[in-house]
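Summary of the model geometry
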Amino acid sequence: MKETCIGCHSSHSIVQVASEPLAVLAARAGCALEASIVRCAGSEDQTLGHLEVQAAHDVKELLRTALERGAQAKAEGAPPLCPVCRQKLTRLSADHPRTFQTRYGAITVKRTRGYCKRCRKWRVPGDTALGLEEGAGHSPAVQETAALLASKMPVEEASAVFEHLTGMKMPRATLDRQARRQGERAQALRTQWDQQARQAQAQMELTLEPYQMIIQMDAWNIRERDHWGQSAARRRRGQEPERWHWVYTGTVFRLDQRGQTAGGRPVISERGFVATRQGIDALREQLHAEALRRGLGQAAGALVIADGAAWIWRLADDRFPEARQRLDFYHAVQHLASVGRALFGEDKEKYRSWLKPLVKQLKNQSAVKVIHQLQEALDQMPAGDPAQTVAKEIAYFQEHQSRMDYRAGRRAAEPIGSGPVEATCRQTQCRFKRPGQFWSQRGDEALLCLEMFWRNKRWHLLFPHTSFNPARN
Ligand SMILES: [Zn+2]
């Protein structure tokens, strides 16, 4: 194969380049860089940006060759043991080539293959040493970039951005597959981690620390392609194709880790996130493990804040039985407003002057007083739809009365609203609810899981090379 050498701009065989010492390639790259500097300096229409792009190009072959040799040395250094059970491999044969894409271009590594009698499988220990899963055509750093982009934007866009940033082509389907593969790996890791959190909890001597753990939950829906292409047939059978499904979301943080910016905006320095498409039970277990990791076991107390959805309080009773429960203040206000509309209809003035003191009372005094006033208002109403609305809302306030301790909450400087989890839902929805986007449950869960690894600042657990600091090496 003939190719133009990026160093000396002449044609010679790649095989010849590969056999040259890195120092020679480095010298050639150095010459190319010098030439690029001169060219950029002498050209009126080139900026530093042009030089940045050119310099990366000038050293690419040097880096690619270094990676190829490094990968070869690493593969050769791997002992002939089964990477799964550590049994000595038999029927060893060398020189099995495998080509994959790295950040700096394609490289080919020759590896040794052997048979594991215990696992009854052919194994390639070199691949494990290199961090390459079976069938992966991309290096770990390329896999990571693909997973990150695909979890942040629609796959079509991700493919274009990927090419723009790396100069490598990755078709949509490949990128999609890559992201799912990484997402499924993330799911397996999450399961293992959640289990560890529960075990560690069981073994831990608990010393209570004077902080409160805040737990919030909410749900939003997502559009999926579960009966894609069969809609007409299903409708004929009288089955409406279900396209919208719930994504259950939760967030946990310690109250003492909530502060304020200089501008007075509330910020939470350490916060755990959970989002799952696998139902309420999955949320319950994942959220519990996340809360344990964030210090639930040592917390002096816990507080669940959410809107009025029944599933939330059932989950809280079930998994966080010791936690206090608080209804999101703004949801309570919406219910007050609904009474106001039933009482005053279109009379905005009366509505406002009725609502304002009640909202204040709910916030600063007690729910009992508010309920009492609603009851009085109802007693004076004629029978009819508005009266029914008011009666329904009174029942709502009575049901949640014990969850409306806003005065005590404010005195203890605790949150009275579920703003943080609602913000989390909004942010995740932005990614998952774009026009024309359909998902499958499997794909959803994988991508949600990737997104949560990123948000929880655990990306490095999935891609250990990302926490590697070359300056300290
Ligand atoms: Zn084995």
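About the cut-offs
- Residues numbered from 1 in each chain as written.
- Predicted model: local features only at pLDDT ≥ 70, side-chain atom pairs only at ≥ 80, totals over all residues.
- Heavy atoms only, no water.
- Helix = DSSP H or I, 4+ residues; strand = E, 2+ residues; numbered from the N terminus.
- Rg over C-alpha atoms; globule rule 2.2 N^0.38 Å.
- Buried < 20%, exposed > 50% of the residue type's maximum accessible area, 1.4 Å probe, protein only.
- Contact = heavy atoms within 4.5 Å.
- Areas by Shrake-Rupley, 256 points an atom, 1.4 Å probe, with all protein chains shown as cover.
- Lys, Arg positive; Asp, Glu negative; His and termini not counted.
- Charge placed at Lys NZ, Arg CZ, Asp CG, Glu CD.
- Phe/Tyr/Trp six-rings, centres within 6.5 Å; stacked < 30°, edge-to-face > 60°.
- Lys NZ or Arg CZ within 6 Å of the ring centre and 35° of its normal.
- Salt bridge = Lys/Arg side-chain N within 4 Å of Asp/Glu carboxyl O.
- Donors = N, O, S within 2.8 Å, 3.2 Å for Na, K, Ca; no water.
- Tetrahedral: all angles 85-135°; square planar, octahedral: opposite > 155°, others 65-115°.
- pLDDT = per-residue confidence, 0-100.
- Axes fitted to C-alpha atoms, helices over the stretch in contact; angles between N-to-C directions.
- Parallel < 35°, antiparallel > 145°, perpendicular 65-115°, else oblique.
- Left-handed = near helix turned anticlockwise from the far one by under 90°.
- Nonpolar A, V, L, I, M, F, W, Y, C, P; charged D, E, K, R; others polar.

**Focus: the overall build of the chain**
Check the secondary structure of the chain and you find 18 helices and 12 strands. Its C-alpha atoms give the chain a radius of gyration of 30 Å, more than 25% over the compact-globule value 23 Å for 473 residues. Each principal axis of the C-alpha distribution contributes one length, and for the chain these read about 95 × 65 × 60 Å. Out of the 473 residues belonging to the chain, those deemed buried represent 44%. Residue pairs in contact within the chain that sit at least 24 positions apart in sequence constitute 66% of those at least 6 positions apart. When the accessible surface of the chain is split by element, carbon and sulfur atoms take 52% of a total near 25,900 Å². Positive and negative side-chain charges in the chain, numbering 70 and 52 respectively, have mean positions lying 4 Å apart.

**Focus on the packing of aromatic side chains**
Tallied over the full model, the rule gives eight aromatic pairs. Between Tyr115 and Trp122 the ring centres are 5.2 Å apart and the planes differ by 65 degrees, which places this aromatic pair in the edge-to-face class. Residue Tyr115 is classed as buried on the basis of its relative accessible area of 18%. Seen in terms of ring centroids, Tyr248 and Trp311 are 4.8 Å apart; in terms of plane orientation they differ by 75 degrees. Their pairing is edge-to-face. Within this pair, whereas Tyr248 is found in strand E7 (residues 244–254), its partner Trp311 is found in helix H10 (residues 310–319), the two being separated by 63 residues in sequence. Exposure class is identical for Tyr248 and Trp311. Each is buried. The structure contains a cluster of three or more aromatic residues connected by ring pairs, namely Phe329, Tyr330 and Tyr406. One cation-aromatic arrangement involves Arg91 over Tyr115; the distance from NZ or CZ to the ring centre is 5.0 Å. Of note, Arg185 hangs over the ring of Phe463, and the distance from its end group to the ring centre comes to 5.3 Å.

**Points about the pattern of salt bridges**
Evaluation of the coordinates by the stated rule reveals 25 salt bridges. One salt bridge connects Glu163 with Lys169, and the closest N-O pair in it is separated by 2.8 Å. You can call Lys169 exposed: its relative accessible area is 64%. Taking the shortest distance from any N to any O, the salt bridge between Arg326 and Asp405 comes out at 2.8 Å. With Arg326 in strand E12 (residues 324–327) and Asp405 in the loop between helix H14 (385–399) and helix H15 (406–411), the pair connects residues that are 79 residues apart, well separated along the chain.

**Section: the coordination of the zinc ion**
At this site the zinc ion is bound by Cys82 (SG), Cys85 (SG), Cys116 (SG) and Cys119 (SG), with donor distances of 2.1 to 2.3 Å. Of note is the zinc ion, whose four donor atoms meet at the metal with angles of 98 to 117 degrees in an arrangement that counts as tetrahedral. We note that the donor set of the zinc ion lies within a single chain, spaced as C-x2-C-x30-C-x2-C. On the criterion of sequence distance, the pair formed by Cys82 in the loop between helix H3 (48–77) and strand E3 (90–102) and Cys119 in the loop between strand E4 (105–116) and strand E5 (121–123) is long-range, its members being 37 residues apart.

**Regarding the confidence of the model for the chain**
Per-chain confidence: the chain averages 87 in pLDDT, with 90% of residues scoring 70 or above. Taken element by element, the chain is modelled with least confidence in strand E1 (residues 2–4), mean pLDDT 47, and with most confidence in E4, mean pLDDT 96. With pLDDT under 50 throughout, residues 1–9 is counted as low confidence; its partners more than four residues away or in other chains account for 21 contacts. Taken as a whole, residues 11–15 scores under 50 in pLDDT and shows 11 contacts with residues more than four places along the chain or in a different chain.

**Description of the packing of helix H13 (residues 367–379) against H14**
The contact between H13 and H14 brings their axes to 10 Å, and the two run at 160 degrees. Classified by the interaxial angle, the pair formed by H13 and H14 is roughly antiparallel. The two elements H13 and H14 meet at a crossing, and its hand is left-handed. The residues of H14 that touch H13, namely those facing Ile371, Leu374, Gln375 and Leu378, are Ala387, Val390, Ala391, Ile394, Phe397 and Gln398. For the contact of H13 with H14, the per-class residue count stands at eight nonpolar, two polar and no charged.

**Regarding unusual backbone geometry**
Here Arg86, not a glycine, exhibits a phi torsion of approximately 70 degrees, which is positive. For Arg86, the location among the structural elements is in the loop between H3 and E3. According to the relative accessible area criterion, Arg86 is exposed, its value standing at 52%. The phi torsion at Arg120 lies on the positive side, around 55 degrees, for a residue other than glycine. Its place among the elements puts Arg120 in the loop between E4 and E5. The class of Arg120 is exposed, set by a relative accessible area of 67%.

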